[in-house]
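A closer look at the structure
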Amino acid sequence: MADHTVVGHQIVSTVQFPWPKIPEAVRWHHERSDGSGYPDALTLDDLSMPVRIIGIADAFDAMTSARPYREPLSVGSALSDLVRLAPQKYDPNVVQALLIQVRRDAVGSSRAPLLADRVSVNIAPGDIDQLAATLQHKVSRGKVYVSQP
């Protein structure tokens, strides 16, 4: 199973893409911020933004898709898991961007919905806001910043 990243990288490395980071995204999309991923045990600082985005997209898709061994998670459960795992496993900025997009889908303000018809947005905008606040609290380690009037 873990070999699919290396084999996929070998395959796409021979293709001329208009986007130069495709081969590295294929190889490293299962790497995690803390170095616990595969195939090279890279950390967040070693991963480009496209790789971080593909990693979140892949994780979210896997969570919300049916598997032979389990039913799909709801969008809310998947987002909760991603927030719980950030920043140790996932880039919190990318998780935040996903929360923003799903919130746009939830209120109907997206021109091109992220989830479209594949998955229903079964989470309220306020619940997404709470997840975003939780993520921000985790990232700031509970520090509160007060601005001067």
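Anything mentioned here points back to the structure above.
Residues numbered from 1 in each chain as written. Predicted model: local features only at pLDDT ≥ 70, side-chain atom pairs only at ≥ 80, totals over all residues. Heavy atoms only, no water.

This part takes up the packing of helix H4 (residues 75-85) against helix H5 (residues 92-107). When two helices pack together, their arrangement is captured by the angle between the axes and the distance separating the axes. Between H4 and H5, the least distance of the axes is 10 Å, while the angle of their chain directions is 160°. Put simply, H4 runs roughly antiparallel to H5. Handedness of the crossing formed by H4 with H5: left-handed. Between H4 and H5, the contacting residues are Val75, Leu79, Leu82 and Val83 on the first element and Val95, Leu98, Leu99 and Val102 on the second. Each residue belonging to the contact of H4 with H5 can be placed in one class, and the counts come to 8 nonpolar, no polar and no charged. (Axes fitted to C-alpha atoms, helices over the stretch in contact; angles between N-to-C directions. Helix = DSSP H or I, 4+ residues; strand = E, 2+ residues; numbered from the N terminus. Parallel < 35°, antiparallel > 145°, perpendicular 65-115°, else oblique. Left-handed = near helix turned anticlockwise from the far one by under 90°. Contact = heavy atoms within 4.5 Å. Nonpolar A, V, L, I, M, F, W, Y, C, P; charged D, E, K, R; others polar.)

Moving on, we get to the side chain of Asp91. Relative to the helices and strands, Asp91 is located in the loop between H4 and H5. Judged by its relative accessible area of 4%, Asp91 falls in the buried class. Side chain to side chain, Asp91 and Arg52 meet in a polar contact 2.8 Å long. Within the local environment of Asp91, its side chain forms a polar contact with the backbone nitrogen of Asn93, the two atoms lying 2.8 Å apart. If sequence neighbours within four positions are ignored, Asp91 has contacts with Ser33, Leu44, Met49 and Arg52. (Buried < 20%, exposed > 50% of the residue type's maximum accessible area, 1.4 Å probe, protein only. Polar contact = N/O pair within 3.5 Å; in protein donor to acceptor, adjacent residues only side chain to side chain.)

Fair warning: the whole summary comes from geometry, so function is off the table for now.
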